[in-house]
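What the coordinates show
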Amino acid sequence: MEISQDEIFILDPDMVLSQQAGTPPGMPDLVVEQASGMTDWWNPALRKRMLSDSGLGMISPHYEDSDLKDFSHSRVLQSPVSSEDHAILQAVIAGDLMKLIESYKNGGSLLIQGPDHCSLLHYAAKTGNGEIVKYILDHGPCELLDMADSETGETALHKAACQRNRAVCQLLVDAGASLRKTDSKGKTPQDRAQQAGDPDLAAYLESRQNYKLIGHEDLETAV
């Protein structure tokens, strides 16, 4: 098709996906159900995160422009206001999934913080409650995934890696959590896993980072 003598090329998502690298490396002896709706490359939040991890974000492809605008203003966590907000916070800290679901359905917010200024996802990742992590990923805003705790600069993935919570780490990585983001001491989640004495977890995080880099090199070549 010609419009004003310029050629138009249509990118077929199915063709691009078929050219990406093989199955991503998994955690040894660990099977975790993927968080629904969070692993699709065409999800804007995940696409932005993966581009950032691979370094391709500096290229600013045309299909990213609108998505970057959508995420330029991150929402700020608020202290609990309503009784349902307080109930959600207590449910996450206590690991009570049913209470969390009930309070959320009754109007509680997932964008609240605890007394130490951590998000609900931070708490769930630190305690290792995979069901609550998955629920927050499925129902909460995308900003929570890589939100840094105001005191240490740690993301939820940092928290999970520090506690050697392998299943939670896999859930967060599958959801698109940044593997390269550093905390206030310049440490990545992989560094934290190594410091916590879990070389297998550190190796898994490194392998997933390398997989994303290889996948994006293939994608860039196809484009």
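Residues numbered from 1 in each chain as written. Predicted model: local features only at pLDDT ≥ 70, side-chain atom pairs only at ≥ 80, totals over all residues. Heavy atoms only, no water.

1. Quick notes on the confidence of the model for the chain
The share of residues in the chain with pLDDT of 70 or more is 61%, and the mean pLDDT across the chain is 75. In the model, residues 15-21 has pLDDT below 50 throughout and makes 12 contacts with residues more than four positions away in sequence or in other chains. Predicted confidence for residues 215-223 stays below pLDDT 50, and this span has 14 contacts to residues more than four positions away or in other chains. (pLDDT = per-residue confidence, 0-100. Contact = heavy atoms within 4.5 Å.)

2. Some details on the nonpolar core
Counting residues in hydrophobic clusters, the biggest one holds 42 residues, and the most contacted among them are Leu100, Leu172 and Leu205. Listed by contribution, the elements that provide at least two residues to this core are helix H4 (83-94), helix H5 (97-105), helix H6 (120-127), helix H7 (130-139), helix H8 (156-162), helix H9 (166-174) and helix H11 (199-222). The contact partners of Leu205, leaving out residues within four places of it in the chain, are Leu157, Ala161, Val173, Leu179, Pro189, Gln190 and Ala193. (Core = buried A, V, L, I, M, F, W, Y, C linked by side-chain atoms within 4.5 Å. Buried < 20%, exposed > 50% of the residue type's maximum accessible area, 1.4 Å probe, protein only. Helix = DSSP H or I, 4+ residues; strand = E, 2+ residues; numbered from the N terminus.)

3. Focus: the UniProt feature "repeat: ANK" (unreviewed entry) in the chain
Per the UniProt record, the feature "repeat: ANK" (unreviewed entry) sits at residues 116-140 and 152-184. Regarding residues 116-140, the helix share stands at 72% and the strand share at 0%, and the terminal C-alpha atoms are separated by 20 Å. Across residues 152-184, the secondary structure splits into 48% helix and 0% strand, with the terminal C-alpha atoms separated by 6 Å. (UniProt positions renumbered as here; feature names shortened; annotations may be inferred.)

4. Considerations on the side chain of Asn165
Along the chain, the position of Asn165 falls in the loop between H8 and H9. The class for Asn165 is buried, based on a relative accessible area of 16%. A polar atom in the side chain of Asn165 sits 2.9 Å from the backbone oxygen of Ala125. (Polar contact = N/O pair within 3.5 Å; in protein donor to acceptor, adjacent residues only side chain to side chain.)

5. Some remarks on the pattern of salt bridges
Summed over all chains, the structure comprises 7 salt bridges. Residues Glu154 and Lys159 are paired through a salt bridge, measuring 3.1 Å at the closest nitrogen-oxygen approach. With respect to burial, Glu154 and Lys159 carry one shared label: buried. Between Arg166 and Asp198 there is a salt bridge, and its shortest N-O distance comes to 3.0 Å. Of the two residues, Arg166 is situated in helix H9 and Asp198 in the loop between helix H10 (189-195) and H11; the sequence distance between them amounts to 32 residues. Among the residues examined, Arg166 registers a relative accessible area of 28% and is labelled partly exposed. Salt bridges sharing common partners tie together Asp149, Glu154 and Lys159. (Salt bridge = Lys/Arg side-chain N within 4 Å of Asp/Glu carboxyl O.)

6. What to know about H4
Between the first and last C-alpha of H4 there are 16 Å, a value that for 12 residues agrees with the 16 Å anticipated at 1.5 Å per step. Regarding H4, the residues found buried are Asp85, Ala87, Ile88, Leu89, Ala91 and Val92. Along its buried surface, H4 packs onto H5, H6 and H7. (Expected span 1.5 Å × (residues − 1).)

7. What to know about the side chain of Asp85
With respect to the secondary-structure elements, Asp85 resides in helix H4. Every residue in contact with Asp85, bar those within four places of it in the chain, is listed here: Pro80, Gly108, Ser109 and Ile112.

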